Amino acid sequence: MKRMMNTDDYFTLYPMMTVKEIKQRFGDFAHSESQIRRIYQNCPFGSQREAQKKFIALAMKQKPDCYKTSVFKTELAKQVRREKEEAIRRVEGRLKIRGNLWLVQ
């Protein structure tokens, strides 16, 4: 049995990675782009871009007055990159565990 990403994996990466980025990063472990899009269609936040825009707008509303907007946006971008890398590590770890479990069976 081939180890594949599951719905939890895709939602761990949502909205930090586009469908194309997921397919490029995870290759054969990811479903086809159309299948991933179908999974995301049920998401209440809409497309990844819409979710990213909503997230940024919400974060900007919560910006403390003492921060310059440019500094806040830079720090926010750094945090999003860290969260994205952490999400990728979590998914890769789960794929590795699933692969090890299937080797035992």
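Heads up: the structure comes first, above all this text.
Right, let's walk through the structure included here.

Brief notes about the side chain of T12
Along the chain, T12 falls in helix α1 (residues 7-13). Its relative accessible area of 15% is what places T12 among the buried residues. Looking at T12, its side chain comes within polar contact range of the side chain of R94, at 2.7 Å. Once residues within four sequence positions are removed from consideration, T12 is found in contact with A87, R90, V91 and R94.

Remarks on the pattern of salt bridges
In a structure, side chains of opposite charge can pair up when their charged atoms sit close to one another. A full pass over the atoms with the stated rule returns eight salt bridges. Of the charged contacts in the structure, one is a salt bridge between R25 and E92, with a shortest N-O distance of 3.0 Å. Placement of the pair is R25 in helix α2 (residues 19-26) and E92 in helix α5 (residues 69-104), with a sequence separation of 67 residues. On the accessibility criterion, R25 (41% relative accessible area) is partly exposed. For E92, a relative accessible area of 34% gives the class partly exposed. In this structure, the salt-bridge partner of R90 is E86, at a minimum N-O distance of 3.9 Å. In this pair, R90 and E86 both sit in helix α5, four residues apart, roughly one turn of the helix. What makes R90 partly exposed here is its relative accessible area of 38%. Judged by relative accessible area, E86 falls into the partly exposed class, the value being 32%. Where salt bridges share partners, they join D9, R94 and R98 into one cluster.

Reading the values: rules and limits
- Residues numbered from 1 in each chain as written.
- Predicted model: local features only at pLDDT ≥ 70, side-chain atom pairs only at ≥ 80, totals over all residues.
- Heavy atoms only, no water.
- Helix = DSSP H or I, 4+ residues; strand = E, 2+ residues; numbered from the N terminus.
- Buried < 20%, exposed > 50% of the residue type's maximum accessible area, 1.4 Å probe, protein only.
- Polar contact = N/O pair within 3.5 Å; in protein donor to acceptor, adjacent residues only side chain to side chain.
- Contact = heavy atoms within 4.5 Å.
- Salt bridge = Lys/Arg side-chain N within 4 Å of Asp/Glu carboxyl O.

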